[in-house]
Amino acid sequence: MDHTKFAALKNEVQEIIDLIAKKQTKEANNKLVEVSDLLDDLHDFSEEDEDLLEISRYQVLLNHLYQKIHLASEE
């Protein structure tokens, strides 16, 4: 497992969370799309089960953040 990829991904996800907290939903959504693309690329080139498990955790987290963003944008 390449921890640097996941460390960078963790920082990107934290940026999304920070943008949601600041009520910057458009920027958060744009960042979420960017991170989702990165996650898709990681998934395409990962072969180890451990990596795939970590990727699936991030996918679940991104889905929750997506819902948060869209709930916040409706307020």
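Residues numbered from 1 in each chain as written. Predicted model: local features only at pLDDT ≥ 70, side-chain atom pairs only at ≥ 80, totals over all residues. Heavy atoms only, no water.

### Quick word on the overall build of the chain
Part 1 of the reasoning: What the chain contains, in helices and strands, is 3 helices and 0 strands.
Part 2 of the reasoning: On the principal axes, the C-alpha backbone points of the chain span a range of 40 × 20 × 15 Å.
Part 3 of the reasoning: Taken across its 75 residues, the chain has 28% of its residues classed as buried.
Part 4 of the reasoning: Taking contacts inside the chain between residues at least 6 apart in sequence as the whole, the part at least 24 apart equals 65%. (Helix = DSSP H or I, 4+ residues; strand = E, 2+ residues; numbered from the N terminus. Buried < 20%, exposed > 50% of the residue type's maximum accessible area, 1.4 Å probe, protein only. Contact = heavy atoms within 4.5 Å.)

### Focus: the pattern of salt bridges
Part 1 of the reasoning: For the structure shown, the criterion picks out 4 salt bridges.
Part 2 of the reasoning: Note that Arg-57 is salt-bridged to Glu-54, the shortest N-O span being 3.0 Å. Of the two residues, Arg-57 and Glu-54 both sit in helix H3 (residues 49–74), 3 residues apart, roughly one turn of that helix.
Part 3 of the reasoning: Each of Glu-12, Glu-15, Lys-31 and Glu-34 takes part in one network of salt bridges that share partners. (Salt bridge = Lys/Arg side-chain N within 4 Å of Asp/Glu carboxyl O.)

### Considering the packing of helix H1 (residues 3–21) against helix H2 (residues 25–45)
Part 1 of the reasoning: For the pair H1 and H2, the least separation of the axes is 9 Å and the interaxial angle reads 160°. Judged on the interaxial angle alone, H2 and H1 are roughly antiparallel. The interaxial crossing formed by H1 with H2 has left-handed handedness. For the pair H1 and H2, the contacting residues are Lys-5, Leu-9, Glu-12, Val-13, Glu-15, Ile-16, Leu-19 and Ile-20 in the first and Glu-27, Ala-28, Lys-31, Leu-32, Glu-34, Val-35, Leu-38, Leu-39 and Leu-42 in the second.
Part 2 of the reasoning: Considering only residue class, the contact of H1 with H2 consists of 11 nonpolar, no polar and 6 charged. (Axes fitted to C-alpha atoms, helices over the stretch in contact; angles between N-to-C directions. Parallel < 35°, antiparallel > 145°, perpendicular 65-115°, else oblique. Left-handed = near helix turned anticlockwise from the far one by under 90°. Nonpolar A, V, L, I, M, F, W, Y, C, P; charged D, E, K, R; others polar.)

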